[in-house]
Protein chains: 2
Amino acid sequence: MRKRQQSEPKAVLRQIDASKAYRILESGPIVMVCTHDGARPNIMTMGFHMMVQHAPPLIACVIGPWDHSFAALRETGQCVLAVPGADLARTVVDVGNCSGAEVDKFERFGLATAEPAKLSAPLLSDCLYNIECIVHDDTLVDKYQLFVLEVIAAWCNDVRKERRCLHHHGDGTFTADGERFDLRDRMTLWKQFQVDL
Amino acid sequence: MRKRQQSEPKAVLRQIDASKAYRILESGPIVMVCTHDGARPNIMTMGFHMMVQHAPPLIACVIGPWDHSFAALRETGQCVLAVPGADLARTVVDVGNCSGAEVDKFERFGLATAEPAKLSAPLLSDCLYNIECIVHDDTLVDKYQLFVLEVIAAWCNDVRKERRCLHHHGDGTFTADGERFDLRDRMTLWKQFQVDL
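Residues numbered from 1 in each chain as written. Chains lettered and ligands numbered in written order. Predicted model: local features only at pLDDT ≥ 70, side-chain atom pairs only at ≥ 80, totals over all residues. Heavy atoms only, no water.

Caption draft 1: Just the overall build of chain A, in detail. A tally of regular secondary structure across chain A gives six helices and 13 strands. By the compact-globule yardstick of 16 Å for 197 residues, chain A fits well, its C-alpha radius of gyration being 16 Å. Projected onto its principal axes, the C-alpha positions of chain A cover 50 × 40 × 35 Å. In chain A, of all internal contacts separated by at least 6 residues, the share reaching a separation of at least 24 is 67%. Looking at chain A as shown, the accessible area adds up to about 7900 Å², and 48% of this sits on carbon and sulfur atoms. Side chains of chain A carry 22 positive and 26 negative charges; the gap between the two charge centres is 4 Å. (Helix = DSSP H or I, 4+ residues; strand = E, 2+ residues; numbered from the N terminus. Rg over C-alpha atoms; globule rule 2.2 N^0.38 Å. Contact = heavy atoms within 4.5 Å. Areas by Shrake-Rupley, 256 points an atom, 1.4 Å probe, with all protein chains shown as cover. Lys, Arg positive; Asp, Glu negative; His and termini not counted. Charge placed at Lys NZ, Arg CZ, Asp CG, Glu CD.)

This is the structure in structure tokens:
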């Protein structure tokens, strides 16, 4: 295995509390999923995911045997969810339209990686957020390819200028985050969750 | 039970194919969930949901016993997911910050309803989309309050001028759909899914 160019995560990535994953994922951003099968890393694009629980932070997602990443996720029980900014829209689509069985996507798309805190799968240092996950429950994998993941570490890139996430509306059409609504003062029942990233 | 004011769904709601649910939900819009416990309807706000499968269209979501709607969903196995436009942001938050055990939310918030095609829970005629669902799998309900729902009917309101959906970034902050990216021509592996709503 050729040594990949890796940036020091602390140079661009700030570690944040794993419990803040819901602030990143609840809005439904398109994500890229990094795995490592022991021989080499791979990456795919994914839109079927959700938060399941705040504490410990659990995420559900759908990754199937039709995805080259499935085998590595099954075997290693680990993956990184990386949340790209809107400036990476074309990369997000192109990563999702070729297979790691045929190409080295990191090389093809010039993706800079960084060492994760706890996993073997790489972080994507040019993404806004990286979430390190381990498989927590695979009860529904055979039936629906539905994994329940637990967040064990999370990272924020404060350097990227483009802060808008992308949302997939199906079929290759996306919107970026638009007008912001701050309605925190109306969250009377859920005040305990008001924290900054 | 007082008869509620209901609009004729066909007046404002156009039925669309259930298989298009992923076009509505994959981007992660905040949704309102309507249930009916046999005596009266209720409504809650929900951000933990995802698409699971295109055909038949399956959705996963998290609704727990701390939600007044939980009992009705458990007993009837039915709910409607209604997707509000950005003009309903305050209503979305306020609906999520009171309990149907204490107030009639339809009356308090002046929510117009319409008859669903197949369920007892009402449609919300002022929302952009309504998705009628039945519980398909409750394997993970006790453990994670995770329901797998099957879409059996779906509706689009073409009349509302505000077309932007809302995405919850946690803690009462939302963004509306912003800049649009049309990258359909790069979806070379997934052409079969290119259909209009």
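Structure's up, so let's keep going.
Caption draft 2: Up close: the relation of the copies chain A and chain B. Rotating chain A by 180° and translating it 0.0 Å along the rotation axis places it on chain B, where the RMSD comes to 0.0 Å. Here the two chains are linked by the operation of a two-fold rotation axis. (Least-squares fit on C-alpha atoms with pLDDT ≥ 70 in both.)

Caption draft 3: Broad picture of the interface of chain A and chain B. Contacts between the two partners involve 62 residues from chain A and, on the opposite side, 62 residues from chain B. For the pairing of chain A and chain B, the buried interface totals around 5700 Å² over both sides, and the portion due to carbon and sulfur atoms is 56%. Of all residues in chain A, Phe48(A), Asp171(A) and Phe181(A) bury the most surface against chain B, accounting for 14% of the area lost on that side. There are eight salt bridges connecting chain A and chain B. Ionic pairing is found between Arg164(A) and Glu179(B), a salt bridge with its closest N-O pair at 2.8 Å. On the surface where chain A and chain B come into contact, there are 36 residue pairs in polar contact (both at pLDDT 80 or more). For the side of chain A that touches chain B, the element with the highest residue contribution is strand β13 (residues 173-182) of chain A, accounting for ten residues. Tallied by class, the residues present in the side of chain A that touches chain B amount to 28 nonpolar, 20 polar and 14 charged. (Buried area = accessible area lost by both parts, 1.4 Å probe. Salt bridge = Lys/Arg side-chain N within 4 Å of Asp/Glu carboxyl O. Polar contact = N/O pair within 3.5 Å; in protein donor to acceptor, adjacent residues only side chain to side chain. Nonpolar A, V, L, I, M, F, W, Y, C, P; charged D, E, K, R; others polar.)

Caption draft 4: Broad picture of the pattern of salt bridges. All names here are of chain A. Inspection of every chain in the model, using the stated rule, returns 22 salt bridges over all chains. A salt bridge links Asp-138 to Arg-74; the shortest N-O distance between them is 3.0 Å. A residue pair is termed long-range when its members are at least 10 positions apart, and Asp-138 in the loop between β10 (129-137) and α6 (141-144) and Arg-74 in helix α3 (residues 69-76) qualify at 64 residues. Owing to a relative accessible area of 33%, Arg-74 belongs among the partly exposed residues under this scheme. Within the structure, one salt-bridge network assembled from shared partners comprises Arg-74, Asp-138 and Asp-142. (Buried < 20%, exposed > 50% of the residue type's maximum accessible area, 1.4 Å probe, protein only.)

Caption draft 5: Seen up close, the packing of aromatic side chains. All names here are of chain A. What the rule picks out here adds up to two aromatic pairs over all chains. Summarising the aromatic geometry, the rings of Phe-70 and Phe-147 are spaced 6.0 Å apart at their centres and angled 65° between planes, so their arrangement reads as edge-to-face. Of this pair, Phe-70 sits in helix α3 while Phe-147 sits in strand β11 (residues 146-157), placing them 77 residues apart in sequence. As far as the burial class goes, Phe-70 and Phe-147 line up, both buried. (Phe/Tyr/Trp six-rings, centres within 6.5 Å; stacked < 30°, edge-to-face > 60°.)

Caption draft 6: A look at the sheet that holds strand β12 (residues 166-168) of chain A. Taken together, the four strands give an open sheet; going across it, the order is β12(A)-β13(A)-β13(B)-β12(B), and neighbouring strands pair in antiparallel fashion. Of all the strands in the sheet, just β12 of chain A together with β12 (166-168) of chain B have a single pairing partner and so form its edges. Neighbour to neighbour, the strand axes of the sheet diverge by 45° on average, direction disregarded. The pairing of β12(A) with β13(A) spans three bridges and is antiparallel. Counted as the bridge partner of Leu166(A) is Ala176(A) from β13(A). (Pairing = 2+ DSSP bridges. Axes fitted to C-alpha atoms, helices over the stretch in contact; angles between N-to-C directions.)

Caption draft 7: Structural detail: α3(A). All names here are of chain A. For α3, the full list of buried residues reads Ser-69, Phe-70, Ala-72 and Leu-73. For α3, the angular spread of the buried residues around the axis is 170°, confining them to a single face. Next to the buried residues of α3 lie β3 (31-36), β4 (41-46), β7 (78-83), β10, α6 and β11. Just downstream of α3, Gly-77 is the residue with a positive phi angle, here 65°. (Arc of directions from axis to C-beta.)

Caption draft 8: Region of interest: the confidence of the model for chain A. For chain A, the mean per-residue pLDDT works out to 92, and 91% of the residues sit at or above 70. The complex model carries a pTM of 0.93, and its ipTM stands at 0.92. (pLDDT = per-residue confidence, 0-100.)

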